[in-house]
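Here is how the chains run, residue by residue.
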Amino acid sequence: MRRDRSCEQQRLPFFGGFDGAAVTLNLNAGFLLDLQGVSETNADGIGLYRTEMPFLALRTLPDVKAQQSLYRQVIDEAKGKPVTFRTLDVGGEKLARALGPEIGEPTNPALGLRGVRLGLAQPRLLETQIAAILRAAMHGPVRILLPMVGTANDIVRVRAVLHRVYGRLKKAKVRLPDQMPPLGAMIEIPAAALAVRSIASAADFLSLGTNDLTMYTLAIDRGDEHVADLYDPLHPAVLQLIYTAISGAQAAGVPIALCGEMAGDPRYTSLLLGFGLREFSMRP
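Residues numbered from 1 in each chain as written. Predicted model: local features only at pLDDT ≥ 70, side-chain atom pairs only at ≥ 80, totals over all residues. Heavy atoms only, no water.

Account for the packing of helix H11 (residues 210-218) against helix H12 (residues 236-252), naming residues and giving values.
Each packed pair of helices is defined by two parameters, the angle between the axes and the distance between the axes. Relative to each other, H11 and H12 sit at 130°, their axes nearing to 10 Å. By the angle between their directions, the pair H11 and H12 is classed as oblique. In this structure, H11 meets H12 at a crossing whose hand is right-handed. Here Thr210, Leu213, Thr214, Thr217 and Leu218 of H11 lie close against H12, whose contacting residues are Ala237, Val238, Leu241 and Ile242. In the contact of H11 with H12, the residues fall into six nonpolar, three polar and no charged. (Axes fitted to C-alpha atoms, helices over the stretch in contact; angles between N-to-C directions. Helix = DSSP H or I, 4+ residues; strand = E, 2+ residues; numbered from the N terminus. Parallel < 35°, antiparallel > 145°, perpendicular 65-115°, else oblique. Left-handed = near helix turned anticlockwise from the far one by under 90°. Contact = heavy atoms within 4.5 Å. Nonpolar A, V, L, I, M, F, W, Y, C, P; charged D, E, K, R; others polar.)

What follows is the structure in structure tokens.
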């Protein structure tokens, strides 16, 4: 049977034409090399840029100018499409040598000072990164995404930092966008999924991190060969949390995406669409 190419010729969304719902397909990236996928795949934007990747290879912390230069390159590669920068997320399997003095030697990195907790505990790290993102934001649309959010108060505290840094840069006559970037929260721990409506009240957008959500829900490290076969995103408890997060965000009127590995696995696509998800972010 000849393949129908009508959708390709009209460049319709892959899932378009059934019920008229638009589906957004974004790119996950951690290195500049990944950004070639924006044009190659015709992605709608960069739904997750992992800013911690350069930190993992460095022995000293990059300053504002170094980070600004990197973020500017990311924005330029996106060619006008929106970029979502996730703030520093180290801990668990990601321990940066450059952050040694700041995070010390955690007993259990996955449950310790990581994600937004680290940023709030070390304001200099967070302010430097926010300043760099704000400076780079003059060159294209950006969003700021906070990892490991547990409560709405995490977002409120970071938003206060965002306002403070924005005001300080404005006072110093630094060229900045007229408006501050949207501030979002990762939903990747069970507490956040269960409290999604509260978190949504403080956030401009949400993003489901199903890798960590599955790990924390099932108490399984997928990198541990002894239990990796038990890591199951289709476990009823995980699916219940995913559905709770999506339906809660929709009820609050806040957009929600999924940027975990489930987003790029076609086995889960129909299920996630059925849950109401309309924005996916995945590897190229």
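I'd like to hear about H11, residue by residue, with values.
For H11, the tally of buried residues reaches eight of nine residues, placing the bulk of the element in the interior. On its buried face, H11 sits against helix H9 (190-194), strand S6 (205-208), H12 and strand S7 (256-258). Once H11 ends, the next one or two residues include Ala219, with phi positive near 55°. (Buried < 20%, exposed > 50% of the residue type's maximum accessible area, 1.4 Å probe, protein only.)

So what about the packing of helix H4 (residues 64-78) against helix H7 (residues 123-136)? Which residues, and what values?
In contact at an axis separation of 8 Å, H4 and H7 are set at 45° when each is read in the N-to-C sense. As the angle between them shows, H4 and H7 are arranged oblique. Crossing of H4 over H7 shows right-handed handedness. Along the contact surface, H4 presents Val64, Gln67, Gln68, Tyr71, Arg72 and Ile75, while H7 presents Thr128, Gln129, Ala131, Ala132, Ile133, Arg135 and Ala136. In the contact of H4 with H7, the residues fall into seven nonpolar, four polar and two charged.

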